[in-house]
Amino acid sequence: MADNEQNDPNKIDDETLKTGEATTESKTMQRRQFVTRGIAGIGAGFVGAQLIACSSKEEAAPAAKATPKTSGTKATPAHAPAHAPAHGSVAPGQLDDYYGFWSGGQSGEVRVVGVPSMRELKRIPVFNRDSASGWGRDDYSTKILGGTNSGDTHHVHLSYDGGTYDGRYAYVNDKASARLARLRLDTFECDAIVDLPNAAGTHGIFPQRHKTGLVLCNSEFRLPLPNDGKTDMDDPSKWGAMHTAVDGETMEVKWQVMVEGNMDLCATDYTGLYSFATCYNSEGALNLEGMMAADRDVLYAFNLANIEKAVAAGKTTTVGDSKVPVIDARGENSEFVLRIPVPKSPHGVNMDPTGKYAIVSGKLSPTCSVVDVSKIAAAFSGEIKPRDCVVAEPEVGLGPLHTAFDGRGNAYTSIFIDSVITKWSINKAIAAHNGEKVDPIIEKMDVHYQVGHTNASMSETKDADGKWLIALCKFSKDRFLNVGLLHPENDQLIDISGEKMKLTHDGPTYPEPHDCVIVKRDILKPVQISPRTGPRFDMYEKWAREDGVDLQKDNVVKRKGKNVRVYMTSLAPAFGMQEFKVKAGDTVQVIVSNQDKVEDLSHGFNMTGHDVNYLVNAQGTNSMTFTAGKPGVYWFYCPWFCHALHLEMRGRMIVEA
Ligand code: K7E
Ligand code: CUA
């Protein structure tokens, strides 16, 4: 093979010709069930009425659909500001100031969006199968995905050091199959997926913030524990849910704490002492009426130090087949978990950047509960009541879901039913709670339409910088061209740097982002060439050692019985092998190593007629296992536009009888 550096002319071809064709073949789609039909008349009157208003009345009256919803309070008209960079003001060729990491919902992926341009830069397949990259289809990722074909990502959070992002990893949940995945942020690729035992509906997750430590994961669905078909099948009052701790470095499941209620969203404090989980079903009900029955549910506060002490001392049990240590903390408050009563079917819990307050958004209560973290120790020791940790409860609007922060003492809560973002002052809310005559509400801004999560630039760190806020709206209602049955959702970007919130961008988005984090760009240091480290490369290097092959140099066929490994290099515009022979029915692995060292000079491997397609990045190695089909000639080709002679980059598999 020629020296790699001789490929430099290819770079021109690469830039000229590359089509950027990578799109994700996303699969399962199901509309979010938040807008529950038939909810009217069941408890919580205003909620029932409002949900029906949005789900049926407006659909039945199309003329009214385009009318923006107004909240009735000081709503800010949406307009693009002259001074702040709006969409498009990040000029072609200019870079965004922030990376946004969006969960992809039912697509099972994570998306990377430039903020403030809102340009979608990448889709990172995680729990989904992706025919462009081969993720979920190649030999490494099929192993880590197991037999699961779908995922439902809600929450992406980055690893921390000292209260801010360290730029190393992102973690993301799979609600569908109770899994946690990690992405490495040097390569923007998934490098690990772990199954959480005894868990169902893994929803809220949050890493510890004082260092890269534990990642806490909430089970939203209660189960008989163990869920073995024998235990407590008919007695849901005994079911529970697991708060699971995964080691963010090793991705091992360290321990689980069992509680009686369900757990929805998750947060950690800034010191490593506590993790939190909202519970909307403290009733332990199995149906909607039951789950909405109580006027207060709880915020679980987990005492991580006490839990780790008990785990280290072996004061634990196990559940079912799992070897993971479990603490059963169902029932009463204990040294492990405290139940802080909050109204009513709460959803989000977010720590403010000072680390002083956890803000719990009330969902079926029009309030946010401000929990003073410094009081929790006294509540654990019994000096004060758990409820005394709540130091304010401002009314923010109907259907508060999530809260973000600007680092200047203000909170921004997404209000689903009112379709607004409410900006409020945490200190004023506390003052009002103490009887002072102050209005904590600063501004309500209409968003379009029915906002779920909101988040702000660096909001989940001590470095919240108050520049940009995103409203992830669940519906786009007439905002974009009609594309048939399933509409895009609407991500709205809001400039929060000034006195007033200013809408600067609407962006359609494929279902269904739930949450995102917005990260200063200089925190990340992505590589351009595959570093050839990590479990994927460990696997290939092991294979190559077994077969006495140099991955980077050799073009050779290794056969063991019916198992054939074809080691092949690629260097634009040719594979290292023009032709190889196998027998019909052989199990074939074509292991392609890309010798190119030019950034973004990706090749790939497509074996025609065999459902085989994968990506091989610069200096990367990839492969996929398939069964050689009927005798005949099969062309393989490079599917990524890599060179002026890219179409010629192909060869033949000869399948003999
Ligand atoms: Cu509110 Cu899954 Cu965070 Cu959806 S969750 S919005
Ligand atoms: Cu290599 Cu196209």
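As shown above, the structure is provided for reference.
In what follows, the accompanying structure is described. If you're wondering where the values come from, they're calculated on a predicted model, not measured in any experiment.

## Focus on the overall build of the protein
Argument step 1. Within the protein, the secondary structure is distributed over 8 helices and 40 strands.
Argument step 2. Per-residue burial for the protein yields a buried fraction of 60% across its 657 residues.
Argument step 3. Nonlocal contacts in the protein, meaning residues at least 24 apart in sequence, comprise 61% of its contacts between residues at least 6 apart.

## Thoughts on the pattern of salt bridges
Argument step 1. In total, this model carries 32 salt bridges according to the counting rule given.
Argument step 2. In this structure, Glu546 engages Arg565 in a salt bridge whose closest nitrogen and oxygen atoms are separated by 3.2 Å. With a gap of 19 residues between them, Glu546 in helix α8 (residues 535-547) and Arg565 in strand β32 (residues 563-571) connect regions that are remote in the sequence.
Argument step 3. Since its relative accessible area comes to 43%, Glu546 is described here as partly exposed.
Argument step 4. Of the charged contacts, one joins Arg652 and Glu579 as a salt bridge, the two residues approaching to 3.1 Å between their closest N and O atoms. A residue pair is termed long-range when its members are at least 10 positions apart, and Arg652 in strand β40 (residues 650-656) and Glu579 in strand β34 (residues 579-583) qualify at 73 residues.
Argument step 5. Take Arg652: its relative accessible area is 22%, and that puts it in the partly exposed class.
Argument step 6. Counted as one network, the salt bridges with shared partners bring together Lys542, Glu546, Asp547, Lys560 and Arg565.

## Here's the deal with the pairing of strand β37 (residues 612-616)
Argument step 1. For β37, a buried count of 5 out of 5 residues is recorded, marking the element as mostly surrounded by other parts of the structure.
Argument step 2. Sheet analysis places strand β36 (residues 603-607) next to β37, joined by 5 bridges and oriented antiparallel. The residue bridging His603 from the neighbouring strand is Val616, located in β37.
Argument step 3. Counted between consecutive antiparallel strands, the loop separating β36 from β37 contains 4 residues, among which Gly609 sits at a positive phi close to 75 degrees.

## A look at the environment of His643
Argument step 1. With respect to the element layout, His643 can be found in the loop between β39 (632-637) and β40.
Argument step 2. Expressed as a C-alpha distance, the spacing of His643 and Ala572, which sit 71 residues apart in the sequence, is 6.4 Å.
Argument step 3. Among the polar contacts made by the side chain of His643, one reaches the main-chain amide nitrogen of Leu645 at a distance of 2.8 Å.

## Examining the sheet that holds strand β12 (residues 253-259)
Whenever strands of a sheet pair, they do so through backbone hydrogen bonds, lying parallel or antiparallel.
Argument step 1. Ordered in space as β9-β10-β11-β12-β16, the 5 strands form an open sheet in which the pairing is mixed. The strands lining the two open edges of the sheet, one partner per strand, are β9 (202-207) and β16 (326-328). Mean inter-strand twist for the sheet, computed between neighbouring axes without regard to direction, equals 20 degrees.
Argument step 2. With 4 bridges joining them, β9 and strand β10 (residues 214-219) adopt antiparallel strand pairing. Counted as the bridge partner of Phe206 is Leu216 from β10.

## Side note on the site of ligand 1
Argument step 1. If you check the shell around ligand 1, you find 11 residues, and the closest are His154, His155, His203, His453 and His514.
Argument step 2. Per-class residue counts for the shell around ligand 1 are 1 nonpolar, 8 polar and 2 charged.

## Remarks on the pairing of strand β5 (residues 156-161)
Note on strand geometry: in a regular strand, side chains alternate between the two faces of the sheet.
Argument step 1. The buried fraction of β5 is high, at 5 of 6 residues.
Argument step 2. Strand direction decides the pairing type here: β5 and strand β6 (residues 164-174), joined by 5 bridges, are antiparallel. From the neighbouring strand, His157 faces β6, where its bridge partner is Tyr171.
Argument step 3. The antiparallel hairpin formed by β5 and β6 contains 2 residues in its connecting segment, where Gly162 sits at a positive phi of about 60 degrees.

## Brief notes about the nonpolar core
Argument step 1. If you look at the biggest cluster of nonpolar residues, it comprises 58 residues, and the most contacted ones within it are Phe101, Val126, Tyr300 and Phe302.
Argument step 2. Of all the elements, α8 adds the most residues to this core, at 4 residues.
Argument step 3. Aside from chain neighbours lying at most four places away, what touches Phe101 is Val110, Arg111, Val112, Val156, Leu158, Leu185, Phe188, Asp515, Cys516, Val517, Val519 and Leu524.
Argument step 4. Counting residues in each nonpolar core, the second largest holds 28 residues, with Phe605, Met607, Tyr634 and Cys642 among its members.

## Quick notes on the packing of aromatic side chains
Argument step 1. Applying the stated criterion to the full structure yields 15 aromatic pairs.
Argument step 2. Each ring, one from Phe575 and one from Phe636, has its centre 5.3 Å from the other, and the planes form 70 degrees; the classification is edge-to-face. With a gap of 61 residues between them, Phe575 in strand β33 (residues 574-575) and Phe636 in strand β39 connect regions that are remote in the sequence. Both residues of the pair, Phe575 and Phe636, count as buried.
Argument step 3. In this structure, Arg182 packs its charged tip against the face of Tyr169, placed 4.0 Å from the ring centre.
Argument step 4. Looking at Arg565, its charged tip hangs above the ring of Trp543, at a distance of 4.4 Å from the centre.

What counts and how
- Residues numbered from 1 in each chain as written.
- Chains lettered and ligands numbered in written order.
- Predicted model: local features only at pLDDT ≥ 70, side-chain atom pairs only at ≥ 80, totals over all residues.
- Heavy atoms only, no water.
- Helix = DSSP H or I, 4+ residues; strand = E, 2+ residues; numbered from the N terminus.
- Buried < 20%, exposed > 50% of the residue type's maximum accessible area, 1.4 Å probe, protein only.
- Contact = heavy atoms within 4.5 Å.
- Salt bridge = Lys/Arg side-chain N within 4 Å of Asp/Glu carboxyl O.
- Pairing = 2+ DSSP bridges.
- Polar contact = N/O pair within 3.5 Å; in protein donor to acceptor, adjacent residues only side chain to side chain.
- Axes fitted to C-alpha atoms, helices over the stretch in contact; angles between N-to-C directions.
- Near = heavy atom within 4 Å.
- Nonpolar A, V, L, I, M, F, W, Y, C, P; charged D, E, K, R; others polar.
- Core = buried A, V, L, I, M, F, W, Y, C linked by side-chain atoms within 4.5 Å.
- Phe/Tyr/Trp six-rings, centres within 6.5 Å; stacked < 30°, edge-to-face > 60°.
- Lys NZ or Arg CZ within 6 Å of the ring centre and 35° of its normal.

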